[in-house]
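# Summary of the model geometry
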Amino acid sequence: MNPVTYHRAASVAQALESSAAPGHRLLGGGTNLVDLMRKGIERPTGLIDVTQLSETIALAEDGSLLVGAAARNSAVAAHPLVRSRTPMLARAILAGASAQVRNMATIGGNLMQRTRCLYFQDEAGSRCNKRDPGSGCDAYGGFNRYHAVIGGSPACIAVHPSDMCVALAAFDARVRVAGASGTRAIALVDFHRLPGDRPDLETLLEPGEVIEAVEIPAFAGPSAYRKVRDRASYAFALVSVAAGLVIEEGRVADIRIAFGGIAPKPWRAFRAEAALRGAAVTQAAIDAAMAAEFADAAPLPGNAFKIDLAGRTLSALLAELSGSDR
Amino acid sequence: MAIRINGQEVAAPQDARVSLLDLLREQLHLTGTKVGCNQGACGACTVLVDGARVLSCLTLAAQADGRSVTTIEGLGSAEAPHPLQSAFIAHDGFQCGYCTPGQICAAAAMLREIAAGVPSYVTADLTAPALPTRDEIRERMSGNLCRCGAHNGIVDAILRVAEEQAA
Ligand SMILES: Cc1cc2nc3c(=O)[nH]c(=O)nc-3n(C[C@H](O)[C@H](O)[C@H](O)COP(=O)(O)OP(=O)(O)OC[C@H]3O[C@@H](n4cnc5c(N)ncnc54)[C@H](O)[C@@H]3O)c2cc1C
Ligand code: FES
Ligand code: FES
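What you see is a predicted model, and the numbers here were worked out from it, not measured in a lab.

Right, let's get into the side chain of Glu136(B). Residue and element names in this part refer to chain B. With respect to the helices and strands, the residue glutamate 136 is situated in helix H5 (residues 134-140). For glutamate 136, a relative accessible area of 6% corresponds to the buried category. Within the structure, the side chain of glutamate 136 is placed 2.8 Å from the side chain of serine 120, a separation counted as a polar contact. Residues within four places of glutamate 136 in sequence aside, it is in contact with Ser120, Val122, Thr123, Ala130 and Leu131.

Pasting the structure below:
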């Protein structure tokens, strides 16, 4: 690890001031950044600890839930407001990592965490356009079970690893960001970028900007999150689904679907939602919705199974939400 | 400021790269806390910071400045073992013992989490308090791997302590 300085920001203004310095990076729980520094993939010269910033979890006037960027993942999942109003968010957070990691990890850090692609993580032995632009991508011809089936590019098929962000994408969360010239809100579905020919650019956050909070609008119906993985716990998703469903007179009045584990960003399934809105939730309707959603998919031999797995997981979750899974 | 480690004040290291794990083991010779993967995957390095279980390998010592750290040495001793330590012995909750300090620190915090009503991924009703069942304990302890495969004994030991606490 390179030598690095450390100090704590007491306010967003202080964090903004220090993060403008070259080589400086914000530090949340450190569960991703410290690991990547030790692996030589991240090389900051200064760390600004932002865990003293707002960790508030509260209802805003419009009924949306406001969560400060410094709130720990475990605190958000355990909060009564989150458990009762947005259970899929609590469940998604609880599906991620281990209790120890969730106690450390912040909401800001979770949004900004980098891919677990083995070739990205292997500084010494693998080519990776995200880590070293222009060097190539070893995932294409390599072990790509954990890689994207949709939204990737010839330059990169790395998956965004967050469980929490899948729930946030499904429920139209907004990321509140502070910068030198004021604050702005970015829709979570736009926050993470697709790789295109610049897989090294991962989010819309500009250098020097600080995430202040996440806002999650209320959703009227029941919601849930389900994760499928290679072992029962403490593993990243092969496929995960966050969904919310409102049925009126036997037809879908409102529906939200987002997938994790299959794309370079939390994948909001807008096409599938459009296909299901107004329909009865039947297997045929779900199959048609999945076909529409994955029309542009680009599966590889190692990960093509994920499209079927995503469809089956969605069916199971919608059955659970419509109370017909017994 | 200083880090309070098992009740003793220790100055945070000058070099910000030093992890809490290295501070404990290399500088303070508190070698009960173990180094496994050094990348967050195994839980061998689990300690309590302000009562919450965390991974000392991914915590910079500087991040613990002003906080209170408890390691396995602070939980119990050979003369006055923590109930979990006694239960691990009684239920064969280990073989080589390498993962054990991390398991016990994690379990101590985990039982408090259940008592405080914190849910887990397998808690069916997120709005109701969870109970310390075998399934709950397995899920909640999944951040602590055991290469010897002593998991059944580990879960038995933790269940026993949970029962004792409930009685
Ligand atoms: C073994 C292991 C298993 C895991 N398994 C899962 C899993 O199954 N599912 C899952 O979803 N996640 C998993 N994770 C990832 C974990 O969720 C992330 O590492 C964590 O959320 C990152 O949060 P942090 O606060 O520790 O971030 P840090 O490591 O502190 O920071 C990460 C990034 O966020 C930036 N950042 C932090 N705060 C801000 C802010 N306020 N504004 C702008 N930028 C900021 C930092 O500069 C850095 O680039 C796992 C991690 C480990 C180590
Ligand atoms: S040594 Fe810290 S988790 Fe493995
Ligand atoms: S007892 Fe040997 S690793 Fe757990």
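All names here are of chain B. Domain assignment breaks chain B into domain 1 (2-75) and domain 2 (83-166). Taking both partners together, domain 1 and domain 2 bury about 1300 Å²; carbon and sulfur atoms supply 57% of that area. If you sort the residues of domain 1 by the area they bury against domain 2, Arg53, Ile72 and Leu75 come out on top, with a joint share of 42%. Counting the contacts that link domain 1 with domain 2 gives one salt bridge. Residues glutamate 113 and arginine 53 are paired through a salt bridge, measuring 2.7 Å at the closest nitrogen-oxygen approach. For the side of domain 1 that touches domain 2, the secondary-structure elements that each account for two or more residues are strand S3 (46-49) and helix H2 (72-75). The leading source of residues in the side of domain 1 that touches domain 2 is S3, at three residues. For the side of domain 1 that touches domain 2, the residue count by class is eight nonpolar, six polar and two charged.

Residues and elements named next belong to chain A. A sheet is described by the order of its strands in space; here five strands give the open sequence S4-S5-S8-S6-S7, paired in antiparallel fashion. Whereas interior strands pair on both sides, the edge strands pair on one side only; in this sheet they are strand S4 (57-59) and strand S7 (182-187). Adjacent strand axes in the sheet meet at a mean angle of 25°, parallel and antiparallel pairs treated alike. With five bridges connecting them, strand S6 (residues 174-179) and strand S8 (residues 210-216) associate as antiparallel partners. Opposite arginine 176, over in S8, you have alanine 213 as the bridge partner. Its contacts with the sheet put helix H1 (residues 12-19) on S6 and S8, and the angle it makes with S8 is roughly 135°.

This part takes up the domain arrangement of chain A. Its domain assignment divides chain A into domain 1 (5-51) and domain 2 (223-322). One C-alpha centre belongs to domain 1 of chain A, the other to domain 2 of chain A, and the line joining them spans 36 Å.

To continue, consider the pairing of strand S10 (residues 239-248) of chain A. Residue and element names in this part refer to chain A. Burial analysis of S10 places eight of its 10 residues in the buried class, the great majority of the element. Relative to S10, strand S9 (residues 223-228) is paired through six bridges, and the arrangement is antiparallel. Within S10, the residue paired with lysine 227 across the bridge is serine 240. Alignment of S10 against strand S11 (residues 251-260), held across nine bridges, turns out to be antiparallel. In the strand pairing of S11, serine 240 is matched with glycine 260. The loop that links S10 with its antiparallel partner S11 comprises two residues; one of these, glutamate 249, has a positive phi angle of about 50°.

Criteria and cut-off values
- Residues numbered from 1 in each chain as written.
- Chains lettered and ligands numbered in written order.
- Predicted model: local features only at pLDDT ≥ 70, side-chain atom pairs only at ≥ 80, totals over all residues.
- Heavy atoms only, no water.
- Helix = DSSP H or I, 4+ residues; strand = E, 2+ residues; numbered from the N terminus.
- Buried < 20%, exposed > 50% of the residue type's maximum accessible area, 1.4 Å probe, protein only.
- Polar contact = N/O pair within 3.5 Å; in protein donor to acceptor, adjacent residues only side chain to side chain.
- Contact = heavy atoms within 4.5 Å.
- Domains from an automatic or database assignment.
- Buried area = accessible area lost by both parts, 1.4 Å probe.
- Salt bridge = Lys/Arg side-chain N within 4 Å of Asp/Glu carboxyl O.
- Nonpolar A, V, L, I, M, F, W, Y, C, P; charged D, E, K, R; others polar.
- Pairing = 2+ DSSP bridges.
- Axes fitted to C-alpha atoms, helices over the stretch in contact; angles between N-to-C directions.

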